[in-house]
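Coordinates in review
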Amino acid sequence: MAKKQQSGKRVQIYLVGGAVRDELLGYPFTERDYVVVGASPAQMLELGYQQVGKDFPVFLHPKTKEEYALARTERKAGSGYTGFNVYAAPDVTLEQDLARRDLTINAIAKTADGALIDPFGGVKDLQARLLRHVSSAFVEDPLRVLRVARFYARYAHLGFQVAPETLALLQQLSGSGELQTLSAERVWIETAKALSTGTPAAYFKLLQQCGALQALMPELAALWGVPQPEKWHPEIDTGVHTLLVLAQAAKLSEKIEVRFASLVHDLGKGITPTDLLPSHHGHEHTGLPLIQQLCERLRVPNSCRELALLVCEYHQLVHRAQELKASTVLKFFNAIDLWRKPERLNDILLCCTADLRGRTGFEQAEYAQAAYLQQLAEAALQVTAQQVMALGITGPAIKEALNQARLNAINTARRDEWR
Ligand SMILES: Nc1ncnc2c1ncn2[C@@H]1O[C@H](COP(=O)(O)OP(=O)(O)OP(=O)(O)O)[C@@H](O)[C@H]1O
């Protein structure tokens, strides 16, 4: 990968980061990141690379469009993620570049002929299943707390642990006030990636353990230590229940909307007045403004926010599905706009199934409410505005007639259920 420059200097190109790490773990990777040593921005442009952004030393390969970053060092010059002076010049060495990376397993470079350059013991840590920071400069970027938690979730099935000295740094950063300087976009990008892993609960568990959850999502952190009725919740603690629900949701669906809604569906329990405990009467309503607040602060996408609000508001009602009057079922279908978004019901039912199973001893439980409500929904969805209009009904009366016809359909389906 060495290219001879007109100046006589050799430019060295190495594969780094996730591609090297995942290849060593035996996982397929799609994204390749390269680091370029010995080149200036002007040389990169001469070689035909296109610069990404004006101030950042990252270039796109003219043909493959893969990212090539100039080797760089950086100096902390302010608070938060943005407070960095980046120095990228031909005299920066590969080791200096690797030293500024977060984890040893992300600081392994590979030459074109396959040799590994691993000054910080990343290969050993991969074998030992250890997430370990590269240097004390780790604390300069608060995003690294979230990145460690994300890798912890991503590789939880392999048994990865956080090194005790790294955990201490996560705790230090979480208590420093620096996490609050992160932009909402960066927090959500890491959180969304974590929600997409096979074990998203591990991300929130680690954030809770090191104090980062309190700093970033206090509405969620407030659930730890909050009791619930033992009759329904053998695990008692609401935070523990929440992570069990998320784990179940991840088994049921790959959609981050379903996983996020499951995570926040009980936020109202965090503000139950102590004289009501361990009961949480009305938490399906008190949770709504907390979800709004959290979603606004973290700029959570609308698709996640909408489902989360619906699951929060209606999960208690769905749990009682078989006791509901047909008119209440119809109100629920109208509220979730079943008619225009029929797939939503399934997402809500998956969250409610996860809620049931997210309890010690109920992991395999059947959720009969799901099939029951699906059946009523199918019946109600058979009724169309065209059918109503074919009866000669026109104008505003159509809406009322449509509601009545849907109510009749739900009633018939309920009776069929008991036959
Ligand atoms: N905030 C950071 N602090 C330190 N090093 C970082 C940071 N962000 C990225 N890196 C380095 O850049 C590499 C590429 O970053 P990227 O975010 O693409 O993650 P990745 O390791 O490739 O994982 P993924 O497979 O999730 O993309 C990382 O492996 C790491 O070496």
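Computed from a prediction, not measured in an experiment: that's the story for all the values here.

Right, let's get into the UniProt feature "binding site: CTP" (unreviewed entry) in the protein. According to UniProt, the feature "binding site: CTP" (unreviewed entry) maps to Gly18, Arg21, Arg101, Arg147 and Arg150 in the numbering used here. Annotated residues from the preceding list that form part of the lining of the largest pocket: these are Gly18, Arg21, Arg101, Arg147 and Arg150. Within the secondary structure, glycine 18 sits in helix α1 (residues 18-25). Discounting chain neighbours no more than four positions away, the residues touching arginine 150 are Glu190, Lys193, Ala194 and Tyr203.

To continue, consider unusual backbone geometry. Along the chain, leucine 277 connects to proline 278 via a cis peptide bond; the corresponding omega equals 5°. Structurally, the position occupied by proline 278 is in the loop between α12 (256-264) and α13 (283-297). In this model, lysine 65 sits at a positive phi of 65°, which is unusual for a non-glycine residue. Positionally, lysine 65 belongs in the loop between β5 (58-60) and β6 (67-70). For lysine 65, a relative accessible area of 43% corresponds to the partly exposed category. With a phi close to 50°, arginine 299 is a non-glycine residue in the positive phi region. Mapped onto the secondary structure, arginine 299 falls in the loop between α13 and α14 (302-319). On the basis of relative accessibility, which here comes to 54%, the residue arginine 299 falls in the exposed class.

What follows concerns the pattern of salt bridges. Here the structure, examined in full by the defined rule, presents 16 salt bridges. Salt-bridge contacts for glutamate 23 lead to lysine 110; the nearest nitrogen and oxygen are separated by 2.7 Å. You can see glutamate 23 sitting in helix α1 and its partner lysine 110 sitting in strand β9 (residues 109-110), a full 87 residues away along the chain. Between lysine 269 and aspartate 266 there is a salt bridge, with the nearest N and O atoms lying 3.1 Å from each other. For lysine 269, a relative accessible area of 6% gives the class buried.

It is worth spelling out the layout of surface pockets at this point. Empty space within the largest pocket amounts to approximately 1400 Å³. Along the wall of the largest pocket there are 39 residues; nearest its centre are Glu31, Asp33, Arg101, Arg147 and Arg150. Those elements that place two or more of their residues in the lining of the largest pocket are α1, β3 (33-37), β6, β7 (72-76), β8 (84-88), α5 (143-154) and α7 (184-195). The greatest single-element share of the lining of the largest pocket, amounting to 6 residues, is contributed by α5. Of the residues contributing to the lining of the largest pocket, the split by class is 16 nonpolar, 5 polar and 18 charged. By volume, the second largest pocket amounts to about 540 Å³. Lining the second largest pocket are 21 residues, and of these Trp232, His233, His283, Gln316 and His319 sit closest to its centre. For the lining of the second largest pocket, the elements supplying multiple residues, two or more each, are α13, α14 and α16 (343-357). With 3 residues, α14 is the largest single contributor of residues to the lining of the second largest pocket. Looking at the lining of the second largest pocket residue by residue, the classes come out as 4 nonpolar, 11 polar and 6 charged.

What counts and how
Residues numbered from 1 in each chain as written. Predicted model: local features only at pLDDT ≥ 70, side-chain atom pairs only at ≥ 80, totals over all residues. Heavy atoms only, no water. UniProt positions renumbered as here; feature names shortened; annotations may be inferred. 1 Å grid on protein atoms, 1.4 Å probe; cavity = no way out; pocket = protein on both sides within 12 Å on 5 of 7 lines; lining within 4 Å. Helix = DSSP H or I, 4+ residues; strand = E, 2+ residues; numbered from the N terminus. Contact = heavy atoms within 4.5 Å. Buried < 20%, exposed > 50% of the residue type's maximum accessible area, 1.4 Å probe, protein only. Salt bridge = Lys/Arg side-chain N within 4 Å of Asp/Glu carboxyl O. Points joined across faces, edges and corners; volume = space filled by probe spheres on them. Nonpolar A, V, L, I, M, F, W, Y, C, P; charged D, E, K, R; others polar.

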